[in-house]
Amino acid sequence: MLPAQEAEALILEAVHPLTAESDIEQVELASCRDRVLATPVTSSLDFPHWDNSAMDGYAVRFEDVKGCSAEQPASLNIVEEIPAGYQPRKRVQAGQAARILTGSLMPAGADTIVIQEHTQRHEETVLVLEPPSEPKAFVRHRGAFYKAGNPLLAPGIRLKAPEIAVLAAAQCTKVPVFRRLRVAILSTGDELVSPEQPLQPGQIVDSNQYALAALVAQIGADPLLMGTVRDNPDDLKRAISTATQSADVVLSSGGVSVGEYDYVDRILATLGANIHIRSVAIKPGKPLTFATFPHALYFGLPGNPVSAMVTFWRFVQPAILKKSGLATGWQPTFIRAIALHDLRSNGQRETYVWGTITLSDGMYHFARAGGDHSSGNLINLAGTNALGVMAIGQTQVRAGDSLQVLDLHRG
Ligand SMILES: Nc1nc2c(c(=O)[nH]1)N[C@H]1C(S)=C(S)[C@@H](COP(=O)(O)OP(=O)(O)OC[C@H]3O[C@@H](n4cnc5c(N)ncnc54)[C@H](O)[C@@H]3O)O[C@H]1N2
Ligand code: MOO
Ligand SMILES: [Mg+2]
């Protein structure tokens, strides 16, 4: 049994992110949300594109207003009004000002903005009652935010609202992103039926297929639902072989423990897979298989519903995120929280306790889910958003103690 951290390192080491030209596709700007940028983006535009005003007020020469006060205001003649989108035609000379609105182009001759609140308007004259704090006050200068030709966005970032705003402003209408990974999902077990089938004694519904498909889609990959496979070596061999040829990552659930119908590892071996991991010292999730084929990663997840999801969150999700081309941020998010209940473990494996984190007074608190913490109990996993972690050798956490928590940030 490998310690969890060693298993994680071994898995991430075996994951090679998408890089190839053939893995890049161009998507419309309006459809690029949550995709991973594949190539650097630069712009031929400066940001701001022109010197412009940050405030509604008057464009002036600092020289003309620097000594003014309410008692001795500077009186300036207004030569022009510059609303947004208008190209100024007049040069501001000594004793003159231009009326200007936020975002509008600075007129030639002016170097400073006086905000409207510091002025009094009398028809075509403006009195400046308070000098600007410094020359160039409230002027946004061309290129101050970004100079044309420099790197604008780096590859490997997830495109969210701020990055999409940058792409739009840079007129990048077709966005180069990595293709979505294909993740094949198959469930193994003679006892499994689909949700619409009537249940006979001994049968249960294949819930893992749906849970895993949701988890895969939630991190931006495409789930391929391959259905259920009987505990029969020939069927299983055919299904695994097909899955590894049609996907980047294959997830099976069930059939990885020590029973005589647990065929997955044996079949992986006969198909020539390189089996790196057969079990990990975590609870739930001990019988986790990780193997590699030349063009696919294979995770044989345990069949118990909670074990399948815990091993997904702890090991599969970081691997898929790394493989998808993300440059950072694929590691699981562990935070510190105060336990609201006593937690127990036999200390033999790293133990994951499901529950809920809430933030109050700037501190996270972890409440253990009520009910049975069996890895077969999918009922009380619903509504949780975090896993409390107890290290190997740690047999209890007392209410009020701080503990490490895996944040599942399920939104
Ligand atoms: N003698 C031992 N027995 C077991 C060990 C062990 O070390 N020695 N490990 C236990 C642990 S831990 C786990 S976890 C399970 C893992 O078993 P498998 O991965 O082989 O899975 P199955 O035996 O096929 O099924 C286990 C359990 O999960 C249910 N299941 C399976 N697939 C699904 C599905 N798609 N949807 C919902 N539920 C599913 C299945 O009906 C079983 O109840 O092994 C322990 N045994
Ligand atoms: O993975 Mo098992 O009990 O550790 O569910
Ligand atoms: Mg089994």
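Computed from a predicted model, the values in this text were never measured in an experiment. (Residues numbered from 1 in each chain as written. Chains lettered and ligands numbered in written order. Predicted model: local features only at pLDDT ≥ 70, side-chain atom pairs only at ≥ 80, totals over all residues. Heavy atoms only, no water.)

### Some thoughts on the sheet that holds strand S20 (residues 289–293)
Here is the rule: When DSSP finds two or more bridges between two strands, those strands count as paired. Elements are defined by DSSP. Helices are runs of H or I of four residues or more, strands are runs of E of two residues or more, and each kind is numbered from the N terminus. Lines fitted to C-alpha atoms define the axes here, with helix axes fitted over just the stretch in contact, and angles between the N-to-C directions of these axes take values from 0 to 180 degrees.
Here we have six strands laid out as an open sheet, ordered S16-S13-S17-S21-S20-S18, and mixed in their pairing. Where the open sheet ends on each side, the last strands, each with one partner, are strand S16 (222–229) and strand S18 (274–277). If you compare each strand with its neighbour and ignore which way they point, the axes differ by 20° on average. Here strand S13 (residues 182–188) runs beside S16; their pairing, made up of six bridges, is parallel.

### Regarding the site of ligand 1
Defined as follows: Throughout this document, a residue counts as near a molecule or strand when at least one of its heavy atoms sits within 4 Å of that molecule or strand. A 3.5 Å cut-off defines polar contacts: any pair of N or O atoms within that distance qualifies, except that in protein one atom must be a possible hydrogen donor and the other a possible acceptor, and neighbouring residues in sequence count only when both atoms are side-chain atoms. A 1.4 Å probe that fits but cannot get out identifies a cavity on a 1 Å grid over protein atoms alone, an open set with protein on both sides within 12 Å along at least five of seven lines counts as a pocket, and a residue lines either if it has an atom within 4 Å of a point. Whether a molecule lies in a cavity or pocket depends on its atoms, and more than half of them have to be within 2 Å of the grid points. Polar here means any residue other than Ala, Val, Leu, Ile, Met, Phe, Trp, Tyr, Cys and Pro, which are nonpolar, and Asp, Glu, Lys and Arg, which are charged; Gly is therefore polar.
As a structural note, the neighbourhood of ligand 1 is formed by 23 residues, with Glu191, Asp206, Ser257, Lys286 and Gly303 the closest of them. In this structure, a nitrogen atom belonging to ligand 1 sits 2.8 Å away from a side-chain N or O atom of Asp206. Mapping ligand 1 onto the cavity grids shows that it belongs to the largest pocket. Only S13, strand S15 (204–205) and helix H7 (305–323) provide two or more residues apiece to the shell around ligand 1. Residue composition of the shell around ligand 1, by class: eight nonpolar, eleven polar and four charged.

### Section: the coordination of the magnesium ion (ligand 3)
Applied cut-off: Only nitrogen, oxygen and sulfur atoms qualify as donors, provided they sit within 2.8 Å of the metal or within 3.2 Å for Na, K and Ca; with water excluded from the atoms, sites may seem incomplete.
Bound to the magnesium ion (ligand 3) are the protein donor atoms Asp262 (OD) and Asp262 (OD), situated 2.4 to 2.6 Å from the metal. Along the chain, Asp262 turns up in the loop between strand S17 (249–253) and helix H6 (264–270).

### Examining helix H4 (residues 208–218)
The test is simple: Buried means the residue's accessible area, taken with a 1.4 Å probe over protein chains only, is under 20% of the maximum for its type, while exposed means over 50%, and partly exposed covers the values in between. Only heavy atoms matter for contacts: two residues are in contact if any of them lie within 4.5 Å across the pair.
Within H4, burial applies to Asn208, Gln209, Ala211, Leu212, Ala213, Leu215 and Val216. Those residues of H4 that are buried lie in contact with S13, S16, S17, strand S21 (296–301) and H7. The first or second residue beyond H4 is Gly220, which carries a positive phi of 90°.

### A few points about the sheet that holds strand S9 (residues 125–128)
The sheet built from six strands is open, its strands ordered S7-S4-S6-S5-S9-S8 with mixed pairing. Single-partner strands in this sheet number two, and they are strand S7 (112–115) and strand S8 (119–122). Ignoring strand direction, the axes of neighbouring strands in this sheet form an average angle of 35°. Two strands pair when backbone bridges link them, and strand S4 (residues 57–60) and S7 are joined in this way by four bridges, in the antiparallel orientation. In the strand pairing of S7, Tyr58 is matched with Val114.

### Digging into unusual backbone geometry
Of note, the amide linkage connecting Phe47 to Pro48 takes the cis form, showing an omega dihedral of -15°. Even without being a glycine, Asp34 presents a positive backbone phi close to 75°. Here Asp34 is to be found in the loop between strand S1 (24–28) and strand S2 (41–42). Positioned with a positive phi, Gln171 is a non-glycine residue whose angle comes to about 60°. Mapped onto the secondary structure, Gln171 falls in the loop between helix H3 (161–169) and strand S12 (174–178).

### Things to note about the packing of H4 against H7
Our working rule: Relative orientations are named as follows: roughly parallel for angles under 35 degrees, roughly antiparallel for angles over 145 degrees, roughly perpendicular for angles from 65 to 115 degrees, and oblique for any other angle. For a crossing to be left-handed, the near helix must be turned anticlockwise from the far one by less than a right angle; the clockwise case is right-handed.
Running from amino to carboxyl end, H4 crosses H7 at an angle of 25°, the nearest separation of the two axes being 11 Å. As the angle between them shows, H4 and H7 are arranged roughly parallel. Relative to H7, the crossing made by H4 is right-handed. Packed against H4, whose contacting residues are Asn208, Ala211, Leu212, Leu215 and Val216, the element H7 presents Pro305, Ala308, Met309, Phe312, Trp313 and Ile320 at the interface.

### Digging into the site of ligand 2
The environment of ligand 2 is made up of Pro284, Gly285, Lys286, Pro287, Asn304, Ser307, Arg349 and Ser375. At 3.4 Å, a backbone N or O of Lys286 approaches an oxygen atom of ligand 2. With respect to ligand 2, the side chain of Arg349 contributes an N or O atom lying 2.9 Å from an oxygen atom. More than half of the atoms belonging to ligand 2 lie within 2 Å of the grid points that define the largest pocket. A per-class count over the shell around ligand 2 returns two nonpolar, four polar and two charged.

### Thoughts on the environment of Pro302
Examined against the element boundaries, Pro302 turns out to sit in the loop between S21 and H7. Each C-alpha atom, one on Pro302 and one on Leu215, is 16 Å from the other, the two residues being 87 residues apart in sequence.

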